[in-house]
Amino acid sequence: MSLTFTNRTALVTGAGRGIGKAIAESLAKHGVTVICVSKSADSCGATAASIVAAGGKAKALAVDVADGAAVAKAAEELLKEYPVIDILVNNAGITRDGLLFRMSEADWNDVISTNLSSCFHWTKHLARPMTRARWGRIVNITSVSGIMGNAGQANYSAAKAGMIGLTKTLAREFAGRSVTVNAVAPGFIKTDMTTDFVNNPEVSSKILEAVPLKRFGEAADIAAATVFLCSEEAGYVTGQVFAVDGGMAM
Ligand code: NAP
């Protein structure tokens with residue numbers, strides 16, 4: 001099935017590496033202008049440069065998504081340049097794993113503000129023009145940990161479960177304006193975030209016992225689901241959590 005995008009602009013957070021980079025590059029291949037956000041200017045700059053080198057349209061923007069004031073300022077500047085950003089993919093995320101009794105308050109707060117509060121801030125600033133335009137797509141990259149829980153990830157699972165609640169609530173709030181809000185829940189995907197597990201044979205074989213398809217996913221697997229949810233063709237899908245996890249959470 002070919003997917004339709006008519007003159008759309010997207011903002012993808014965490015576009016410097018891994019899943020966000022694959023989503024940004026895939027949207028750009030569909031003709032979407034992509035604003036690539038990451039924490040470091042180098043990484044979002046490299047993604048934007050690779051998109052432009054491939055003939056696409058992209059802009060790099062270094063913003064700490066955990067900083068609500070910085071997000072507000074960045075969004076205000078962007079909306080002077082682009083009257084509407086049609087597609088928002090909240091993908092930036094971090095882990096600070098540890099069992100609860102050893103988890104510091106800083107590790108709790110860092111994960112909640114980077115993974116969950118960032119979605120609140122970006123959506124609050126970018127969704128209003130989408131609702132006025134009566135067209136928009138918001139995709140929040142959550143995790144199987146937010147669906148099933150995962151020992152050692154109280155902060156991360158809580159943030160990712162929070163993203164699911166936010167997704168379903170905003171899907172209801174924005175439905176009347178044809179702005180859809182969905183979540184994609186990856187399982188174990190080969191990126192910098194999972195290098196330590198994937199490259200450790202003992203740990204990886206233990207993880208794969210819980211994955212019916214018996215392999216790790218690729219960033220491209222998540223990009224494919226996300227790009228579909230951002231397309232014209234997905235206009236009747238909202239409030240859903242699309243697991244792309246090799247069958248882990250079925
Ligand atoms: P990754 O390879 O570690 O890349 C994370 C990206 O997020 C980087 O571009 C990073 O920016 C950006 N980022 C982190 N903190 C940020 C901040 N405060 N402000 C702005 N940007 C920030 O991660 P990934 O594996 O691609 O994961 C992407 C998303 O998928 C995350 O939300 C993650 O929780 C979720 N997920 C991943 C997996 C998996 O198996 N990999 C599974 C389930 C869910 P820099 O490049 O500047 O550092």
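Details of the structure are given in the entry above.
The paragraphs below set out a description of the structure included in this document. Computed from a predicted structure; not experimentally measured.

## A closer look at unusual backbone geometry
Turning to step 1, where the next piece is worked out: Its identity as a non-glycine residue notwithstanding, Asn 7 has a phi of 55 degrees, on the positive side.
Turning to step 2, where the next piece is worked out: Turning to its location among the elements, Asn 7 is positioned in the segment before β1 (9-13).
Turning to step 3, where the next piece is worked out: Unlike most non-glycine residues, Arg 134 shows phi in positive territory, near 55 degrees.
Turning to step 4, where the next piece is worked out: Checked against the element boundaries, Arg 134 lands in the loop between α4 (105-133) and β5 (136-141).

## Describing the site of the ligand
Turning to step 1, where the next piece is worked out: Around the ligand lies a shell of 30 residues, among which Ser 40, Ser 43, Asn 91, Tyr 156 and Thr 191 are the nearest.
Turning to step 2, where the next piece is worked out: With respect to the ligand, the backbone of Gly 14 contributes an N or O atom lying 3.4 Å from an oxygen atom.
Turning to step 3, where the next piece is worked out: Between Lys 160 and the ligand, the recorded distance is 2.9 Å, taken from a side-chain N or O atom to an oxygen atom.
Turning to step 4, where the next piece is worked out: Here the ligand loses 93% of its free accessible area of 900 Å² to cover by the protein chains.
Turning to step 5, where the next piece is worked out: Those elements giving two or more residues to the shell around the ligand turn out to be α1 (18-29) and α6 (154-174).

## A short note on the side chain of Asn 91
Turning to step 1, where the next piece is worked out: Relative to the helices and strands, Asn 91 resides in the loop between β4 (87-90) and α4.
Turning to step 2, where the next piece is worked out: Overall, the relative accessible area of 10% leaves Asn 91 in the buried class.
Turning to step 3, where the next piece is worked out: A distance of 3.2 Å separates a polar side-chain atom of Asn 91 from the backbone oxygen of Gly 14.
Turning to step 4, where the next piece is worked out: Apart from residues no more than four positions distant in its own chain, Asn 91 is found in contact with Thr 13, Gly 14, Ile 19, Gly 20, Ile 23 and Ile 141.

## Regarding the packing of helix α3 (residues 68-81) against α4
Relative placement of two packed helices is described by the angle separating their axes and the distance separating the axes.
Turning to step 1, where the next piece is worked out: Remark: α3 packs on α4, axes separated minimally by 8 Å, with the N-to-C direction vectors making an angle of 20 degrees. With respect to α4, the axis of α3 lies roughly parallel. With respect to the hand of their crossing, α3 and α4 are arranged in right-handed fashion. Packed against α3, whose contacting residues are Gly 68, Val 71, Ala 72, Ala 74, Ala 75, Leu 78 and Leu 79, the element α4 presents His 121, Trp 122, His 125, Leu 126 and Pro 129 at the interface.
Turning to step 2, where the next piece is worked out: Considering only residue class, the contact of α3 with α4 consists of nine nonpolar, three polar and no charged.

## What to know about the nonpolar core
Turning to step 1, where the next piece is worked out: By size, the foremost hydrophobic cluster in this structure holds 32 residues, and its most contacted members are Leu 11, Ile 35, Val 37, Leu 78, Trp 122 and Ile 138.
Turning to step 2, where the next piece is worked out: Elements with a minimum of two residues in this core: β2 (33-38), α3, α4, α6 and β6 (179-186).
Turning to step 3, where the next piece is worked out: In terms of residues, this core owes the most to one element, α4, which gives eight residues.
Turning to step 4, where the next piece is worked out: Once you skip the residues sitting within four places of it in the chain, Leu 11 turns out to touch Ile 35, Val 37, Leu 78, Ile 85, Ile 87, Leu 88, Val 89, Trp 122 and Leu 126.

So, how was this worked out
Residues numbered from 1 in each chain as written. Predicted model: local features only at pLDDT ≥ 70, side-chain atom pairs only at ≥ 80, totals over all residues. Heavy atoms only, no water. Helix = DSSP H or I, 4+ residues; strand = E, 2+ residues; numbered from the N terminus. Near = heavy atom within 4 Å. Polar contact = N/O pair within 3.5 Å; in protein donor to acceptor, adjacent residues only side chain to side chain. Areas by Shrake-Rupley, 256 points an atom, 1.4 Å probe, with all protein chains shown as cover. Buried < 20%, exposed > 50% of the residue type's maximum accessible area, 1.4 Å probe, protein only. Contact = heavy atoms within 4.5 Å. Axes fitted to C-alpha atoms, helices over the stretch in contact; angles between N-to-C directions. Parallel < 35°, antiparallel > 145°, perpendicular 65-115°, else oblique. Left-handed = near helix turned anticlockwise from the far one by under 90°. Nonpolar A, V, L, I, M, F, W, Y, C, P; charged D, E, K, R; others polar. Core = buried A, V, L, I, M, F, W, Y, C linked by side-chain atoms within 4.5 Å.

On their own, these measurements won't tell you what the molecule is for.
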